[in-house]
Amino acid sequence: MSPLPIFHRLPHATFSSFLLSLSQVGSSKTSVAFLNAFKSEDIIARIGLWWQLIRAVVLVPVFKFLVALCLVMSVMFFVEVMYMGIVVLYVKLFKRKPEKIYKWEPMEGDVECGSASYPMVLVQIPMYNEKEVCEQSIAAACKISWPSNRIIIQVLDDSTDPASKELVKRECDRWSKEGVNITFEIRDNRNGYKAGALREGMKHSYVKQCDYVAIFDADFQPDPDFLHRTVPFLIHNPKLALVQGRWEFVNAGQCMMTRLQEMSLSYHFTIEQQVGSSTFAFFGFNGTAGVWRITALNESGGWNDQTTVEDMDLAVRATLRGWKFLYIDDLKVKSELPCSFKALRNQQHRWTCGPANLFRKMAVQIIRSENVSLWKKLYMLYSFFFMRKIVAHILTFCFYCVILPATVLFPEVTVPKWAAFYLPSLITLLIAIGRLRSIHLLAFWVLFENAMSLLRAKALVMGLLETGRVQEWVVTEKLGDTLKTKLIPQVPNVRFRERVHLLELLVGAYLLFCGIYDIVYGKNTLYVYLLFQSVAFFVVGFGFVGKYVPASSYLA
């Protein structure tokens, strides 16, 4: 560390008195000449002097406070992750399968009643311009093993594209002629988006005879035994409101971006969802691949479009009414990951902004709820919302992409090795447990997640402040099997403005500057991380991620 100028070492009051005494010596030609020289020839020295003063009095103390705050959040997040790891380890070691915790008996037709012993199930498939995947999703739903007179397939089509709407209608008619009880429902607006479509679907008269409702997004393909594995839990456990399955991705190996997404989502299901289900019987409904008890859904107020995460909203409201949820980790439902970077950005914005906005709106109701225990309230507010939906995003961007790199510019501020290396390494390794086959991609996953943290941090602020694109809902584009051969790498022939993300490029330039500064003036090897992370931001900023879908593909 270079020593400060002599004036900087003086107390602030002494330095001010020195300048004042100079200005008061107006009769002395020598003093006037000295002042003129001080004002003109030494202007750079004066600026440097004031910079050192501001740096020592303001910037360094503030920066130390921010580092301390990040260290506290790092420890909090580490404790949270370790807690979840211990719970999952306990579940695995003692084989705490759902069948051991909740009563479950296989469905068998009664000799006298026949299929009448089966409960009536409604299967909802909300769609919006989904011509690429509508056929496979409708086919999968129609092939579900359940008595044909005890199931209703309800296709809720909000499509604005006439070709998509006609294709969906034709597919519904085809299955109807084969004896499947399937209905094609449309509406003349998109009010409430997905929540609005599901809410309108529940208003039809034939729904009144149904006991349960299974929901599948347009790209999901449940196995035929899906209802046989889920509905018995709801039948024999009257306090259960929801049984949630796990997502499995048919296109996980399509490109590097989809493989990295698979790692993140595998952690979400293997760790987060399983912990919530095993401890407090609460977790966020994933919006698809789940079965709801209709009584619980209606009692909780039905579908609400106050946020863009209507699924999590319903889960919170149902929990506040005393209902419980069950997650089945080995109940896998095929689905599709977004393979274009634009689709991923839209999805991640909604998945980050929505929960933050829901936390803002529901926190007081959670605190005041009389149907939830104090420990469950603490889990919902602290673990589920505050740590995973807020602190995780703040910590990733602010600490690892802004504050930690800035320590090379402020050598007076140090970050302990345990916070800069050991804790994040342990957390990352635990996350890798969710998808061990991709552990060799761990370094790429860390760099990509950090690069995506800027987008999530912006979305988080919008959700908490309820401003900007807080209510923006962009349906994640799906490709299905028919377009996979038409995908090409994300290349520069895409329009420059659509591909470039300025803020990511600015952060990349900042990290590059910090890395070069550390090489020239630093005394540690932080530049290795900084340079690699800057490259990741540049790659994301220039849009060289994922696949590109030519517009002509949608017209084919």
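Because the structure is predicted, anything quoted here is derived from the model rather than measured. Along each chain, residue indices are assigned from 1 in the same order as the chain's sequence is written. Given that this is a predicted model, residues contribute local features only at a pLDDT of at least 70 and side-chain atom pairs are listed and counted only at 80 or more, while totals for whole chains, interfaces and linings are drawn from all residues. Here the side-chain values reflect all heavy atoms present in the structure, with hydrogen atoms and water set aside.

### Some details on the overall build of the chain
Worth spelling out the cut-off: The way it works is that DSSP assigns letters per residue, a run of H or I at least four long becomes a helix, a run of E at least two long becomes a strand, and they are numbered from the N terminus. Buried means the residue's accessible area, taken with a 1.4 Å probe over protein chains only, is under 20% of the maximum for its type, while exposed means over 50%, and partly exposed covers the values in between. Throughout, a contact is declared for two residues whenever any of their heavy atoms are within 4.5 Å. Surface accessibility in these figures is a Shrake-Rupley result with a 1.4 Å probe; residues are shielded only by whichever protein chains are displayed.
Looking only at helices and strands, the chain features 20 helices and nine strands. Residue burial in the chain is summarised as follows: out of 556 residues, 53% are buried. Sequence separation of at least 24 residues holds for 82% of the intrachain contacts in the chain that already meet a minimum separation of 6. When the accessible surface of the chain is totalled, it reaches about 26100 Å², and 62% of it is carbon and sulfur.

### A short note on the packing of helix α14 (residues 374–406) against helix α18 (residues 502–521)
The description of two helices packed together rests on the angle between their axes and the distance between the axes. Heads up, the rule is: Every axis corresponds to a line fitted to the C-alpha atoms, with the helix fit spanning only the stretch in contact, and the corresponding angles, defined between N-to-C directions, vary from 0 to 180 degrees. Helix crossings fall into two classes, left-handed where the near helix is turned counterclockwise from the far one by less than a right angle and right-handed where it is turned clockwise. Lys, Arg, Asp and Glu make up the charged group, whereas Ala, Val, Leu, Ile, Met, Phe, Trp, Tyr, Cys and Pro make up the nonpolar group; the residues left over, Gly among them, are polar.
Their axes nearest at 9 Å, the elements α14 and α18 cross at an angle of 35°. Where α14 crosses over α18, the two elements pack in a sense that is left-handed. Each of Phe 397, Cys 401, Val 402, Pro 405 and Ala 406 in α14 lies in contact with α18, whose residues at this interface are Val 507, Tyr 510, Leu 511 and Cys 514. In terms of residue class, the contact of α14 with α18 is made up of nine nonpolar, no polar and no charged.

### Observations regarding the environment of Ala 141
Relative to the elements of secondary structure, Ala 141 occurs in helix α6 (residues 134–142). A residue is classified by how much of its surface remains accessible, and Ala 141, at 2% relative accessible area, is buried. When the C-alpha atoms of Ala 141 and Ile 152 are compared, they prove to be 9.9 Å apart, with 11 residues separating the residues in sequence. When sequence neighbours within four positions are dropped, the list of residues in contact with Ala 141 reads Val 123, Ile 125 and Ile 153.

### Describing the pattern of salt bridges
The cut-off we apply is this: Put simply, a salt bridge is a Lys or Arg side-chain nitrogen that is within 4 Å of an Asp or Glu carboxyl oxygen.
Applying the stated criterion to the full structure yields 19 salt bridges. Where Lys 103 meets Glu 105, a salt bridge forms, and the shortest distance between an N and an O atom there is 3.9 Å. A relative accessible area of 38% places Glu 105 in the partly exposed class. With a shortest N-O distance of 3.0 Å, Glu 466 and Lys 361 are connected by a salt bridge. Note that Glu 466 is positioned in the loop between α16 (442–465) and β8 (488–489) and Lys 361 in helix α13 (residues 341–368), a separation of 105 residues in sequence. Its relative accessible area of 32% is what places Glu 466 among the partly exposed residues. Judged by relative accessible area, which is 25%, Lys 361 ranks as partly exposed. Connected via shared salt-bridge partners are Glu 171, Arg 174 and Glu 178.

### Some words on the sheet that holds strand β4 (residues 212–215)
The condition that has to hold: At least two DSSP bridges between two strands are needed for those strands to be called paired.
Pairing in this open sheet of seven strands is mixed, and the strands run β3-β2-β1-β4-β6-β5-β7 from one edge to the other. Each edge of the sheet is formed by a strand with only one pairing partner; in this case those strands are β3 (182–186) and β7 (324–335). On average, adjacent strands in this sheet sit at an angle of 20° to one another, irrespective of strand direction. Its contacts with the sheet put helix α10 (residues 256–279) on β5 (240–249) and β7, and the angle it makes with β7 is roughly 155°.

### Observations concerning the environment of Arg 259
Residue placement: Arg 259 occurs in helix α10. The spacing of Arg 259 and Cys 339 is 80 residues in sequence and 9.8 Å in space, taken between C-alpha atoms. Setting aside its immediate chain neighbours within four residues, Arg 259 contacts Ala 252, Gly 253, Arg 437, Ser 438, His 440 and Leu 441.

### So, the packing of aromatic side chains
We count it as follows: Here is the rule: rings of Phe, Tyr and Trp (six-membered ring for Trp) pair when centre to centre is within 6.5 Å. Planes less than 30 degrees apart are stacked, more than 60 are edge-to-face, and the remainder are tilted. Charge-over-ring contacts are defined here by two conditions on Lys NZ or Arg CZ: a distance within 6 Å of the ring centre and an angle within 35 degrees of the ring normal.
Across all of its chains, the model carries 25 aromatic pairs by this definition. Ring centres of Trp 247 and Phe 269 lie 5.4 Å apart, and the angle between their planes is 50°; this geometry places the pair in the tilted category. With Trp 247 in strand β5 and Phe 269 in helix α10, this pair connects stretches of sequence that are 22 residues apart. Here Trp 247 and Phe 269 have matching classes, each one buried. Seen from the ring of Trp 473, Arg 350 lies directly overhead, with NZ or CZ sitting 4.1 Å from the centre.

### Some points on the packing of α10 against α13
Rule in force here: Here is the rule for angles: anything less than 35 degrees is roughly parallel, anything more than 145 is roughly antiparallel, 65 through 115 is roughly perpendicular, and the remaining ranges are oblique.
The contact between α10 and α13 brings their axes to 12 Å, and the two run at 20°. Comparing the axis directions of α10 and α13 gives the class roughly parallel. Relative to α13, α10 is oriented so that their crossing is left-handed. Where α10 abuts α13, its residues Met 257, Gln 261 and Leu 265 lie against Phe 341, Leu 344, Gln 347 and Trp 351.

### So, the UniProt feature "transmembrane region" (unreviewed entry) in the chain
Short version of the rule: UniProt positions are given in the numbering used here, feature names are shortened, and annotations may be inferred rather than shown by experiment.
Sequence positions flagged by UniProt for "transmembrane region" (unreviewed entry) are, in local numbering, residues 65–91, 390–410, 422–448, 502–520 and 526–545. As annotated, residues 65–91 comprises 100% helix and 0% strand, and the C-alpha atoms at either end are separated by 39 Å.

### A word on the nonpolar core
One broad trend across soluble globular proteins is that nonpolar side chains are buried collectively. Formally: Throughout this description, the term nonpolar core refers to a set of buried Ala, Val, Leu, Ile, Met, Phe, Trp, Tyr and Cys residues connected via side-chain atoms within 4.5 Å.
Core analysis: the biggest nonpolar cluster contains 158 residues, and Leu 227 and Trp 292 have the highest contact counts within it. The dominant element in this core, judged by the number of residues it contributes, is α14, at 17 residues. When near neighbours in sequence (up to four residues on either side) are disregarded, Leu 227 contacts Val 121, Ile 144, Trp 146, Ile 151, Ala 214, Pro 232 and Val 291.

### Comments concerning helix α7 (residues 162–177)
Keep this limit in mind: Take the number of residues in a helix, subtract one, and multiply by 1.5 Å to get its expected span. Along the arc lie the directions from the helix axis toward the C-beta atoms.
Taking 1.5 Å per residue, 16 residues should reach 22 Å; α7 reaches 23 Å between its end C-alpha atoms and fits that length. Residues of α7 that are buried: Ser 164, Leu 167, Val 168, Glu 171, Cys 172 and Trp 175. Within α7, the buried residues cover an arc of 135° as seen down the axis, which keeps them to one side. Exposed residues on α7 whose side chains face more than 90 degrees from its buried face are Pro 162 and Lys 177. Contacts from the buried residues of α7 go to β1 (121–127), α6, β2 (151–157) and β3.

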